[in-house]
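Summary of structural features
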Amino acid sequence: MTVIPMLVLLGPAGAAAQAGVARVGVAQAGQPASPDPALSQSIAPDQPVAAGPAELSAGHVDIGPRYVDGQWTLLIHDDAAEPVWRDPDRTVLRVTEAAVQTVPDDPAYGFLGVSAGAPVYVVPQVQQADVVWVGWNTQDPQVMQTIDRGVTLELAGVEGPGTVTMYVQAGTFSAPQVLWRSTEPPGQSMWVEVNTHTHANWVFTEPGVYLVAVRASADLISGEQVSAVRHLRFAVGGAATTDAALAAQPRPVEATSAAAETGDDAGSAGGPSGWLVAGLAVAATGLAVALVVVLLRGRAARRRAEQERSTGAAR
């Protein structure tokens, strides 16, 4: 299969932040894209949780589990300047016009569900200087000390004007591994091994405000089970305002998940052959391969953990 890279259409930087909202995009448009220099990052135990609202329009951010006042939750880790954790209800992930790419006339891209030539907004797997770079980690020190091997991250629901797809891809000629798709029922889950730091491609088919519900669940070494659902707030396109994204009220999310309970692995949403974000050069290909290796290793670790728990319960 021939993979045709998509063209990046650089546009205006997007609407300015609303009054009283910190704007945290430190990377400047026009700088060359670069892969993550620290996928082996570590997170200090004393990094604070920021109190105020913020718009993140560029730079490196991760979603990840964290304990706050002894309670398990899911926060946004922002290290664009001084590393801090942020409350998803008070944080807007802005996807500017610099993220626009055009779907090529090739059936390999049919899984997007949009016509050839249509514009889509892409948060890439490999960092682009003027687009927010959204990944995930399981590296909070207290999380690493208390969880039993890993965390299940689950797409619990999406509200927005279009569809959202998240996938990883290892190199120019490899088919993507689709992780989450909003066109599938909620409950698509992926297992993330402890001390993991990973990025993926996020594709939004229409501009506007999106609320992406993510559930983070884990078995603790104490035998306790913990779970929390938080909504990521994306403002996609220049016309989507930060105020609207902060004011959006999400629908309730079901308390249980069939996918998490049955132990579905990463890629449970299916993996139609697909596309590659433009500009994945040879240097970036090694990074992409490493990300898929991390995911596959996590799947094996989850199976081992489930087998050991089953063996222990049978004794």
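Shown above is the structure to which this text applies.
These notes cover the structure that comes with them. Only a predicted model underlies this, so the values are computations on that prediction, with no experimental measurement involved.

1. Regarding the packing of aromatic side chains
- Taken as a whole, this structure holds 5 aromatic pairs when the rule is applied.
- Between the aromatic rings of Trp-202 and Phe-234, the centroid separation amounts to 5.5 Å while the plane-to-plane angle is 45°, which identifies the pairing as tilted. Of this pair, Trp-202 sits in strand S15 (residues 201-204) while Phe-234 sits in strand S17 (residues 225-236); the two residues are 32 residues apart in sequence, bridging distant segments of the chain. Summarising the burial analysis for this pair, Trp-202 and Phe-234 share the class buried.
- Aromatic pair Phe-204 and Tyr-210: ring centres 5.0 Å apart, planes at 65°, arrangement edge-to-face. This pair shows no difference in class: Phe-204 is buried, exactly as Tyr-210 is.

2. Considering empty space enclosed by the protein
- On inspection of all chains with the given rule, the structure shows 1 cavity of 30 Å³ or more.
- Taken as a whole, the largest cavity spans an internal volume of roughly 30 Å³.
- Looking at the largest cavity, the residues that line it are Leu-155, Val-158, Val-164, Thr-165, Met-166, Trp-180, Arg-181 and Ser-182.
- The set of elements that each furnish at least two residues to the lining of the largest cavity consists of strand S10 (150-159), strand S11 (164-168) and strand S12 (177-181).
- Broken down by element, the residue count for the lining of the largest cavity peaks at 3 residues, all from S11.

3. Focus on the sheet that holds strand S8 (residues 119-123)
- Taken together, the 5 strands give an open sheet; going across it, the order is S7-S8-S15-S11-S12, and neighbouring strands pair in antiparallel fashion. Pairing within the sheet leaves two strands with one partner each, and these edge strands are strand S7 (100-102) and S12. Strand-to-strand twist in this sheet, taken as the mean axis angle between neighbours without regard to direction, amounts to 30°.
- The pairing of S7 with S8 spans 3 bridges and is antiparallel. Paired with Val-100 across the bridge in S8 is Tyr-121.

4. Points about the side chain of Asp-62
- With respect to the element layout, Asp-62 can be found in strand S3 (residues 59-68).
- Among buried Asp, Glu, Lys and Arg side chains, Asp-62 stands out as unpaired, with Arg-66 the closest opposite charge at 12 Å.
- Of the polar contacts made by the side chain of Asp-62, one reaches the side chain of His-197; its length is 3.2 Å.
- Polar side-chain contacts of Asp-62 include one of 3.3 Å to the side chain of His-199.

Cut-offs and rules
- Residues numbered from 1 in each chain as written.
- Predicted model: local features only at pLDDT ≥ 70, side-chain atom pairs only at ≥ 80, totals over all residues.
- Heavy atoms only, no water.
- Phe/Tyr/Trp six-rings, centres within 6.5 Å; stacked < 30°, edge-to-face > 60°.
- Helix = DSSP H or I, 4+ residues; strand = E, 2+ residues; numbered from the N terminus.
- Buried < 20%, exposed > 50% of the residue type's maximum accessible area, 1.4 Å probe, protein only.
- 1 Å grid on protein atoms, 1.4 Å probe; cavity = no way out; pocket = protein on both sides within 12 Å on 5 of 7 lines; lining within 4 Å.
- Points joined across faces, edges and corners; volume = space filled by probe spheres on them.
- Pairing = 2+ DSSP bridges.
- Axes fitted to C-alpha atoms, helices over the stretch in contact; angles between N-to-C directions.
- Lys, Arg positive; Asp, Glu negative; His and termini not counted.
- Salt bridge = Lys/Arg side-chain N within 4 Å of Asp/Glu carboxyl O.
- Polar contact = N/O pair within 3.5 Å; in protein donor to acceptor, adjacent residues only side chain to side chain.

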